[in-house]
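Structural characterization, general
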Amino acid sequence: MLAIKRMTLDVPGLSEHQARDLAERVAAGLAAVTGLPDGTDAPSIRLHLPAEGHAGDMAVLARRVVAATLRSIGRAGAGAP
């Protein structure tokens, strides 16, 4: 199980609805990750993703955030959805 104490995403230009949608998609994507050892912790993660490349598609952006999160904890191949 992956435990993230707090994740803050700063994505300029998103409406409140889009931001909520993104947060829910990221949470669902991270919850679906398998193959992590028990007790995997990520107390603080800083991600740098270019703003372009998602064209307002929250599903695409959420997958990029999940992938970058897994890379940052060194588990890029950990059964990402």
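Heads up: these notes are all about the structure in this document. As the structure is a computational prediction, the values presented were derived from the model and not from experiment.

Our focus in this paragraph is the environment of Ala23. When you line up the elements, Ala23 lands in helix α1 (residues 16-31). In this structure Ala23 comes out as partly exposed when scored by relative accessible area, which is 42%. Put simply, Ala23 and Leu9 are 14 residues apart on the chain and 8.3 Å apart in space, counted from C-alpha to C-alpha.

Looking now at the packing of α1 against helix α2 (residues 58-72). Between α1 and α2, whose axes approach to 9 Å, the crossing angle comes to 45 degrees. With respect to their mutual orientation, α1 and α2 come out oblique. Considering the relative orientation of α1 and α2, their crossing is right-handed. Contacts between α1 and α2 pair Gln18, Asp21, Leu22, Arg25, Val26, Gly29 and Leu30 from the former with Met58, Ala59, Leu61, Ala62, Val65, Val66 and Thr69 from the latter. In terms of residue class, the contact of α1 with α2 is built from 9 nonpolar, 3 polar and 2 charged.

On to the pattern of salt bridges, then. Scanning the model with the defined rule gives 2 salt bridges in all. Between Arg20 and Glu16 there is a salt bridge, with the nearest N and O atoms lying 2.9 Å from each other. Of this pair, Arg20 and Glu16 both sit in helix α1, 4 residues apart, which is roughly one turn of that helix. With a closest N to O distance of 3.0 Å, Asp21 and Arg25 form a salt bridge. Remark: Arg25 and Asp21 occur in helix α1; sequence separation between them is 4 residues, near one turn of the helix. We classify Asp21 as partly exposed; its relative accessible area is 21%.

So, how was this worked out
- Each chain has its residues counted from 1, running along the sequence as written.
- Reporting in this predicted model follows two pLDDT cut-offs: at least 70 for local features of residues, and 80 or more for side-chain atom pairs to be given and counted; totals over whole chains, interfaces and linings ignore these cut-offs and use all residues.
- Excluded from the side-chain calculation are hydrogens and water; included are all heavy atoms of the structure.
- Strands here are runs of E lasting at least two residues and helices are runs of H or I lasting at least four, both read from the DSSP assignment and numbered beginning at the N terminus.
- A 1.4 Å probe rolled over the protein chains alone gives each residue an accessible area, and that area as a share of the maximum for its type sets the label: buried under 20%, exposed over 50%, partly exposed in between.
- Axis definition: a line fitted to C-alpha atoms, over the contacting stretch in the case of helices. Angles run 0 to 180 degrees between N-to-C directions.
- Angle categories: roughly parallel below 35 degrees, roughly antiparallel above 145, roughly perpendicular from 65 to 115, and oblique for all the rest.
- What makes a crossing left-handed is the near helix being turned counterclockwise from the far one by less than a right angle; a clockwise turn instead makes it right-handed.
- Only heavy atoms enter the contact rule, under which two residues are in contact if any of them lie within 4.5 Å.
- When residue character is reported, Ala, Val, Leu, Ile, Met, Phe, Trp, Tyr, Cys and Pro are called nonpolar, Asp, Glu, Lys and Arg charged, and the others, Gly included, polar.
- A pair is scored as a salt bridge if a Lys or Arg side-chain nitrogen falls within 4 Å of a carboxyl oxygen belonging to Asp or Glu.

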